[in-house]
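# Commentary on secondary and tertiary structure
Given next are the chains, with one letter for each unit.
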Amino acid sequence: MYKIMKQNNILFLTILSILLFSSCKHTENNIITNDLITVIESQYELLFESIQSEKNTKKFLPRNNIKGEIGYIPTYDWTSGFYPGSLWEIYNLTKNEIWKKRALDYTERMESVKFFTNNHDIGFMIGCSFGNAIKTLKTTKYDAIIVQAATSLASRYRAKIGVIQSWNKGSKWSCPVIIDNMMNLELLFHATRISGDSTYYNIAIRHANNTLKNHFREDSSSYHVLDYDLESGAIVARNTHQGYADESAWARGQSWGLYGFTVMYRETKDTRYLEQAVKIANFIKNHPNLPEDQIPYWDFNVKAEKDTPRDASAAAITASALLELCTYVDEDSNKIYKDWAIEIIRALSSKAYLAEKGTNNGFLLKHSVGSLPHNSEINAAINYADYYYLEALNRLKI
Ligand code: GLY
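Structure report, in brief. (Residues numbered from 1 in each chain as written. Predicted model: local features only at pLDDT ≥ 70, side-chain atom pairs only at ≥ 80, totals over all residues. Heavy atoms only, no water.)

### Considerations on the sheet that holds strand β9 (residues 376–382)
Read across the sheet, four strands follow the order β2-β1-β9-β8 without closing on themselves; strand pairing throughout is antiparallel. Edge positions in the open sheet fall to β2 (69–72) and β8 (368–371), since each of these has one partner strand only. Across the sheet, the mean angle from the axis of one strand to that of its neighbour is 50°, orientation sign disregarded. Sheet topology note: the strand β1 (residues 62–66)/β9 ladder contains two bridges and is antiparallel. Within the sheet, the bridge partner assigned to N64 lies in β9 and is I382. Its contacts with the sheet put helix α13 (residues 383–397) on β1, β8 and β9, and the angle it makes with β9 is roughly 40°. (Pairing = 2+ DSSP bridges. Helix = DSSP H or I, 4+ residues; strand = E, 2+ residues; numbered from the N terminus. Axes fitted to C-alpha atoms, helices over the stretch in contact; angles between N-to-C directions. Contact = heavy atoms within 4.5 Å.)

### A few points about the side chain of H190
Along the polypeptide, H190 turns up in helix α7 (residues 185–195). Exposure remark for H190: the relative accessible area of 18% places this residue in the buried category. Discounting residues that sit within four places of it in the chain, H190 has contacts with I134 and I146. (Buried < 20%, exposed > 50% of the residue type's maximum accessible area, 1.4 Å probe, protein only.)

### A short note on the site of the ligand
Near the ligand, the surroundings consist of W78, D180, Q242, W250, R252 and W256. Between D180 and the ligand, the recorded distance is 2.7 Å, taken from a side-chain N or O atom to a nitrogen atom. Against a free-state accessible area of 200 Å², the protein chains account for coverage of 93% of the ligand. (Near = heavy atom within 4 Å. Polar contact = N/O pair within 3.5 Å; in protein donor to acceptor, adjacent residues only side chain to side chain. Areas by Shrake-Rupley, 256 points an atom, 1.4 Å probe, with all protein chains shown as cover.)

### Quick notes on unusual backbone geometry
Although it is not a glycine, K138 sits at a positive phi angle of roughly 50°. Position of K138 among the secondary structure elements: in the loop between α5 (122–137) and α6 (143–154). Residue K269 is not a glycine yet carries a positive backbone phi of 65°. With respect to the helices and strands, the residue K269 is situated in the loop between α9 (251–268) and α10 (271–285). The class of K269 is partly exposed, set by a relative accessible area of 48%.

### Points about the pattern of salt bridges
Taken as a whole and judged by the stated rule, the model has 21 salt bridges. For K114, the salt bridge goes to E111, with nearest N and O atoms at 2.7 Å. Given the relative accessible area of 14%, K114 is considered buried. One salt bridge in this structure joins E305 and K303, with 3.5 Å as the shortest N-O distance. (Salt bridge = Lys/Arg side-chain N within 4 Å of Asp/Glu carboxyl O.)

That is the geometry; function is a separate question.
Right under this line is the structure:
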């Protein structure tokens, strides 16, 4: 009798642990649940099928969902790397081979971008596609693409000033440099590691140092656009392009700075970069205009009203950056930044921001803002919001 009871107990405990293990497989912080994974896979399946049914073969890279229509972009749009990048992130989350196959296909269709020199965005384009392929597959197959892309980016380096010129000379600015440009520097570090050529590394350092010196205000918020004189290197103007005002803190710009300086610390271990990242994080966290759910308005200086658009993309970038930043700080700060990142991801994973299965044309997040002053992509689904949300989920999972 005792023996039978003992056997039953063992059987009961075995079943219990199998049940617990399988339900915990995706339950880190109760965010990455099997339900969430199902929503992500079915949404991206829907988006994938829509792309396949598109007759125009040039329309293969989706950027946004506006008024029920998928907006497509050419490979030279600054957001072209985010769809392949999201496919890599979904593969990393699920280990479902179908996403790897698709990620590889879409990444390889981006190869010609390695020669792109018309603006600074090649870091986003090549980093999110080929950079993720290299990280995921641990392959050297695409190394030459990274080095060529970094060479293209370096062609925009203005040695006299020590910055990479973001956009070409136009009627308003002669050498504009935007805070977003911090995101392109990772490509340069990658190229130095592959090639052994420190030129790329040194360009990244000089650009970051000048950004650190010139782009930030007393309160650690950043200007969006700085215009330099190409001859003298003097700062001619401090403006905005996508923000509310020249003196305001455009939400996504603050996130790009946070992410960019966190990467700078990862790559150099120079504590000045870590201090800057911490200052930016604290600026965002303590801002009186940050809504309770931690998803910022499109600009920190806009009037907070019921209908003021939020920018889910800025929140996703911040969350992903915080999950890296928290690994470089002391135990107390680690907890603060990690808990905050989880709070943001939890909000983004709620019904308020995450699309329901079968809606949003397959994109994951609702409520991002591309450029409000240009009346473009307001309250929309945008591919980079999905990308950084997925990256944050992967960083949370590790
Ligand atoms: N880099 C352009 C943007 O963030 O909208």
